[in-house]
Amino acid sequence: MDRGRFRRSAASAYAAADSTPEAPRGRVSVAVYAEDLILQTGVVQQLRPRPEIELIAESEADRAQVSLVVVDMVNEPTVQLLQRLQRNTSTRTGLVVGFFESGALQTMIECGVAAVLRRGEADQDSLVHLVTAMANGEGVLPGDLLGKLLTHVSSLQRTVLDPRGLSLSTLTTREAEMIRLVSEGYGTAEIAQKTSYSERTVKNVLHEVATRLELRNRAHAVGYAMRHGLI
């Protein structure tokens, strides 16, 4: 399988779809990529009758809201395709896959895949749900993959970020703690005492947060952190 095979199968399967009338507004535009013509045709035939979907020919794939990649497994040609699709920031990518190895989870994250559906569960309604969810900015994962993702993120926080005083948010652990104390009404001297830093360090940390996030003052920083779930 290579990128050329993805392209050739797409061109063949869309021959009939190109003859359909122009889609009305409100439909989700979808470009389908598959490693062989059978997979391509099967997914296209599932999606074509649905009024929610507008199938996009490969020649216009850059304007699709959703790119749907259909493969047996995530291998090097699939990764190359996902990376190419990732460069189009106006399109979200979903993956319909037959066999999903545990090691493919990190690859999926790095390639910006927004949703995953196993081929064995890919009936018409599931495909449409996947596509419309992505178009609405949502992500979709099978339950077991969601569990693995949460475990992966937890492990990343514990083994990589925590030792460096970092977090997955826009605030470091130290910054979040200081802003939390500000939100509880503590002043600079009290925060310094509770965190075992000097008052100068506290002022510098809070100033750095305000500057980096373009916040006006401490109250603005607290409001920002609370709205974004950072404290």
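Residues numbered from 1 in each chain as written. Predicted model: local features only at pLDDT ≥ 70, side-chain atom pairs only at ≥ 80, totals over all residues. Heavy atoms only, no water.

## Digging into the pattern of salt bridges
For step 1, the next point in the chain: A complete count under the given rule lists 9 salt bridges for this structure.
For step 2, the next point in the chain: The partner of Arg63 in a salt bridge is Glu60, with the nearest N and O atoms 2.8 Å apart.
For step 3, the next point in the chain: One salt-bridge network, in which partners are shared between bridges, spans Arg50, Glu52 and Asp125. (Salt bridge = Lys/Arg side-chain N within 4 Å of Asp/Glu carboxyl O.)

## Comments concerning the packing of aromatic side chains
For step 1, the next point in the chain: Enumeration over the complete set of coordinates arrives at 0 aromatic pairs.
For step 2, the next point in the chain: Across the ring face of Tyr197, the terminal group of Arg174 is positioned such that the distance to the ring centre comes to 5.0 Å. (Phe/Tyr/Trp six-rings, centres within 6.5 Å; stacked < 30°, edge-to-face > 60°. Lys NZ or Arg CZ within 6 Å of the ring centre and 35° of its normal.)

## With respect to the packing of helix H7 (residues 173–183) against helix H9 (residues 199–212)
For step 1, the next point in the chain: Two elements in contact, H7 and H9, have axes whose closest approach is 10 Å; the angle formed by their N-to-C orientations is 100°. Here H7 lies roughly perpendicular to H9, going by the angle between them. Two secondary-structure elements touch here, H7 through Arg174, Glu175, Met178, Ile179 and Val182 and H9 through Thr201, Val202, Val205, Leu206, Glu208, Val209 and Arg212.
For step 2, the next point in the chain: Class assignment of the residues belonging to the contact of H7 with H9 gives a composition of 7 nonpolar, 1 polar and 4 charged. (Axes fitted to C-alpha atoms, helices over the stretch in contact; angles between N-to-C directions. Helix = DSSP H or I, 4+ residues; strand = E, 2+ residues; numbered from the N terminus. Parallel < 35°, antiparallel > 145°, perpendicular 65-115°, else oblique. Contact = heavy atoms within 4.5 Å. Nonpolar A, V, L, I, M, F, W, Y, C, P; charged D, E, K, R; others polar.)

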